[in-house]
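# Examining the three-dimensional arrangement
Letter by letter, the chains look like this.
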Amino acid sequence: PFASDAQAAQAALKRVFPGDARIETWGTWMRKDYRGTVALGADGSVLPGALLREDRVWRAGTSWTQPILPARTGPVGLFLVVDYGYTRHRSNDAFYDYSSHSLGLGLTVSY
């Protein structure tokens, strides 16, 4: 955040169901115009005109949290979490122009 002039916006929605199951959806947008980093081509050389790097990033995701055996865990909560994330990173620098998907599976403990 310190090497660029950045603007960002984000939003999230969360719904808690009876029994403490939850779904959450979120999205972010970011514009990063770098002040001192030149954009590079696919061969690693500086682009003609020595343009500074400019990035536009969209990220979105959703997660499902499901309690596991709530009647047996007492004051300790055990949850299964499944999440998905998508990133669309557009840049005039060839090394930062990509899209990606992620899938996660985890356990959360609360007390």
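Residues numbered from 1 in each chain as written. Predicted model: local features only at pLDDT ≥ 70, side-chain atom pairs only at ≥ 80, totals over all residues. Heavy atoms only, no water.

## Looking at the sheet that holds strand E2 (residues 22-38)
Read across the open sheet, the 5 strands follow the order E1-E2-E3-E4-E5; overall the sheet is antiparallel. Edge positions in the open sheet fall to strand E1 (4-16) and strand E5 (98-110), since each of these has one partner strand only. With direction set aside, neighbouring strand axes in the sheet form an average angle of 15°. As judged from the 13 bridges shared by E2 and strand E3 (residues 52-67), these two strands associate in the antiparallel manner. Within the sheet, the bridge partner assigned to Trp26 lies in E3 and is Gly61. (Pairing = 2+ DSSP bridges. Helix = DSSP H or I, 4+ residues; strand = E, 2+ residues; numbered from the N terminus. Axes fitted to C-alpha atoms, helices over the stretch in contact; angles between N-to-C directions.)

## Brief notes about the side chain of Thr65
Examined against the element boundaries, Thr65 turns out to sit in strand E3. Taking relative accessible area as the criterion, Thr65 reaches 13% and is therefore assigned buried. Apart from residues lying up to four places away in sequence, Thr65 is in contact with Asp20, Ala21, Arg22, Phe79, Leu80 and Val81. (Buried < 20%, exposed > 50% of the residue type's maximum accessible area, 1.4 Å probe, protein only. Contact = heavy atoms within 4.5 Å.)

## What to know about the confidence of the model for the protein chain
Mean pLDDT over the protein chain works out to 92, with 98% of the residues at or above the 70 mark. Mean pLDDT across the elements of the protein chain ranges from a minimum in helix H1 (residues 70-73), with 76, to a maximum in E3, with 96. (pLDDT = per-residue confidence, 0-100.)

## What to know about the pairing of E1
Direction of pairing for E1 relative to E2: antiparallel, over a ladder of 13 bridges. Paired with Gln10 across the two strands is Thr28, which belongs to E2. Linkage of E1 to E2, two consecutive antiparallel strands, is achieved through a turn of 5 residues, within which Gly19 is found at a positive phi near 90°.

## Details of the pairing of strand E4 (residues 77-91)
Here E3 pairs with E4 via 13 bridges, running antiparallel. The residue bridging Trp58 from the neighbouring strand is Arg88, located in E4. Taken together, the 13 bridges between E4 and E5 define a ladder with antiparallel strand orientation. When the bridges of E5 are listed, Arg88 appears paired with Ser99. Hairpin connection between E4 and E5: a loop of 6 residues separates the two successive antiparallel strands.

## Some words on the pattern of salt bridges
Under the definition given, this model contains 6 salt bridges. Note that Asp33 and Arg56 form a salt bridge whose closest N and O atoms lie 3.0 Å from each other. Placement of the pair is Asp33 in strand E2 and Arg56 in strand E3, with a sequence separation of 23 residues. Residue Asp97 pairs with Arg90 through a salt bridge whose shortest N-O separation is 3.8 Å. Here the residues in one salt-bridge network are Arg31, Asp33 and Arg56, joined through shared partners. (Salt bridge = Lys/Arg side-chain N within 4 Å of Asp/Glu carboxyl O.)

## Some points on the environment of Leu105
Among the structural elements, Leu105 can be located in strand E5. Looking at Leu105, the relative accessible area reads 69%, which means it is exposed. In sequence terms Leu105 and Leu80 are 25 residues apart; their C-alpha atoms lie 7.5 Å from each other. Excluding its chain neighbours within four sequence positions, the residues that come into contact with Leu105 are Leu80, Val81 and Val82.

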